[in-house]
Amino acid sequence: MAYQGRILAGVAVPDTEIVREALRYSRSIYEPYLLNHVVRSWLFAISLASIQNIEHDSEVIALGTLLHDVTLNNSFRGPRRFEVEGADIARSFALSAGISSSRAQLIWDSVALNSTPSIGLYKEPEVALCTAGICLDVVGFQYDRMPVATRKAITDAYPRLGMKAKMTNCFCHMVEAAPETSYDNFLRDFGRRYVGGYAEPSSVDLVMNAPFES
């Protein structure tokens, strides 16, 4: 689907009312480093789509990437893992703006699965591209696939601002504040390495202690 567009850090992106509203909302809720992260993730996702000639709904990708970290902050208290809490917020945002339920579900999946590439990368193109763009920015997934000039233009326009250290601090705070939300996602690894006294339940114990005879 073609939308009215503009150029952002050298990347052609949609310039529709819902995308502009998502950007306004993002600017109002994110710390500067996290705002830059979600915008870079968006631009990387769109660039990967262009490089691989993947047809996609660019509004869905915009909302899926821009809103994927709405619950990544020091006020997070659960009760569910932050990706699921964030996915509900993103879907509600999309539905309230008139996005169809099927497109809103793609946005929900994009947010809920953004840190689970072993699943997200094999979903619909929009979900896979959101996952890929986010993973590129956080862990360097497909880093070498991105042309150097494209990557530089994006990171120059939206610098990282010490993201590794700031994200680590945020992740650890979330583990301390709501440890039960970290047991089955990547937050567990930050808890193990950086949070004193952190201990997650074992899947082996869950299986062996199930209330059945065998």
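Here, the structure is the one placed above.
What counts as what
Residues numbered from 1 in each chain as written. Predicted model: local features only at pLDDT ≥ 70, side-chain atom pairs only at ≥ 80, totals over all residues. Heavy atoms only, no water. Core = buried A, V, L, I, M, F, W, Y, C linked by side-chain atoms within 4.5 Å. Buried < 20%, exposed > 50% of the residue type's maximum accessible area, 1.4 Å probe, protein only. Helix = DSSP H or I, 4+ residues; strand = E, 2+ residues; numbered from the N terminus. Contact = heavy atoms within 4.5 Å. Expected span 1.5 Å × (residues − 1). Arc of directions from axis to C-beta. Phe/Tyr/Trp six-rings, centres within 6.5 Å; stacked < 30°, edge-to-face > 60°. Lys NZ or Arg CZ within 6 Å of the ring centre and 35° of its normal. Axes fitted to C-alpha atoms, helices over the stretch in contact; angles between N-to-C directions. Parallel < 35°, antiparallel > 145°, perpendicular 65-115°, else oblique. Left-handed = near helix turned anticlockwise from the far one by under 90°. Nonpolar A, V, L, I, M, F, W, Y, C, P; charged D, E, K, R; others polar. Pairing = 2+ DSSP bridges.

1. Section: the nonpolar core
Consideration 1: If you look at the biggest cluster of nonpolar residues, it comprises 62 residues, and the most contacted ones within it are V39, W42, L43, L63 and L72.
Consideration 2: With 12 residues, helix α2 (residues 32-52) is the largest single contributor of residues to this core.
Consideration 3: Ignoring anything within four residues of it in the chain, the contact list for L63 reads I18, V19, A22, F93, A94 and I107.

2. A short note on helix α1 (residues 17-29)
Since the α-helix advances by 3.6 residues per turn, residues separated by three or four positions end up pointing in the same direction.
Consideration 1: For α1, built from 13 residues, the straight-helix expectation of 18 Å at 1.5 Å per residue is met to within 8% by its first-to-last C-alpha distance of 19 Å.
Consideration 2: For α1, the set of buried residues is I18, V19, A22, L23 and S26. Along α1, the residues classed as buried sweep out an arc of 140° about the axis, all on the same side. Counted as exposed and oriented over 90 degrees from the buried face of α1: R27 and S28.
Consideration 3: The secondary structure elements touched by the buried residues of α1 are β1 (5-8), β2 (11-14), α2, α3 (58-66) and α4 (82-96).

3. Considerations on the packing of aromatic side chains
Consideration 1: By the definition in use, this model includes 7 aromatic pairs.
Consideration 2: For the ring pair F82 and F186, a centre distance of 5.9 Å and an interplane angle of 85° mean the geometry is edge-to-face. Pair noted here: F82 is in helix α4 and F186 is in the loop between α9 (163-177) and α10 (187-194), with a separation of 104 residues, a long-range link.
Consideration 3: The interplanar angle of 80° and the centroid separation of 6.2 Å between the aromatic rings of F186 and F190 together place this pair among those described as edge-to-face.
Consideration 4: Here the aromatic residues F82, F171, F186, F190 and Y194 are joined through ring pairs into a cluster of three or more.
Consideration 5: Above the ring of Y143, the side-chain terminus of R151 is found at 3.7 Å from the ring centroid.

4. Concerning the packing of α1 against α2
Between two packed helices, what matters for the description is the angle formed by their axes and the separation of those axes.
Consideration 1: α2 packs onto α1 with a crossing angle of 150° between their chain directions and a minimal axis gap of 10 Å. Of the possible angle classes, the one that applies to α1 and α2 is roughly antiparallel. Here α1 runs over α2; the crossing is right-handed. Residues V19, L23, S26 and R27 of α1 form the contact with α2, whose participating residues are L35, V39 and W42.
Consideration 2: Counted by class, the contact of α1 with α2 contains 5 nonpolar, 1 polar and 1 charged residues.

5. So, the environment of D184
Consideration 1: By secondary structure assignment, the location of D184 is in the loop between α9 and α10.
Consideration 2: Distance from D184 to Y3, taken between C-alpha atoms, is 38 Å for residues 181 residues apart in sequence.

6. As for the environment of V19
Consideration 1: Within the secondary structure layout, V19 lies in helix α1.
Consideration 2: Assessed through its relative accessible area of 1%, V19 is described here as buried.
Consideration 3: Counting along the chain gives 189 residues from V19 to M208, while the straight-line C-alpha distance between them is 48 Å.
Consideration 4: Those residues in contact with V19, other than ones at most four positions away along the chain, are P14, W42, E59, A62 and L63.

7. A look at the pairing of β1
Consideration 1: Where β1 and β2 come together, 4 bridges link them in antiparallel fashion. Bridge pairing in β2 links G5 to P14.
Consideration 2: Hairpin connection of β1 to β2: 2 residues between the antiparallel strands, including A9 at a positive phi of 55°.

8. Looking at the environment of V11
Consideration 1: In this fold, V11 is placed in strand β2.
Consideration 2: Measuring from C-alpha to C-alpha, the distance between V11 and A112 comes to 25 Å, with 101 residues separating the pair along the chain.
Consideration 3: What V11 contacts, discounting residues up to four positions off in sequence, is R6, L43, I46, S47 and I154.

9. A few points about the packing of α2 against α3
Consideration 1: Interaxial distance between α2 and α3 falls to 8 Å at its minimum, and their mutual angle equals 150°. It follows that α2 is roughly antiparallel to α3 by the angle criterion. Relative to α3, the crossing made by α2 is right-handed. When α2 is examined against α3, the residues V38, V39, S41, W42, A45 and I46 are found in contact with a partner set consisting of S58, I61, A62, T65 and L66.
Consideration 2: For the contact of α2 with α3, the residue count by class is 8 nonpolar, 3 polar and no charged.

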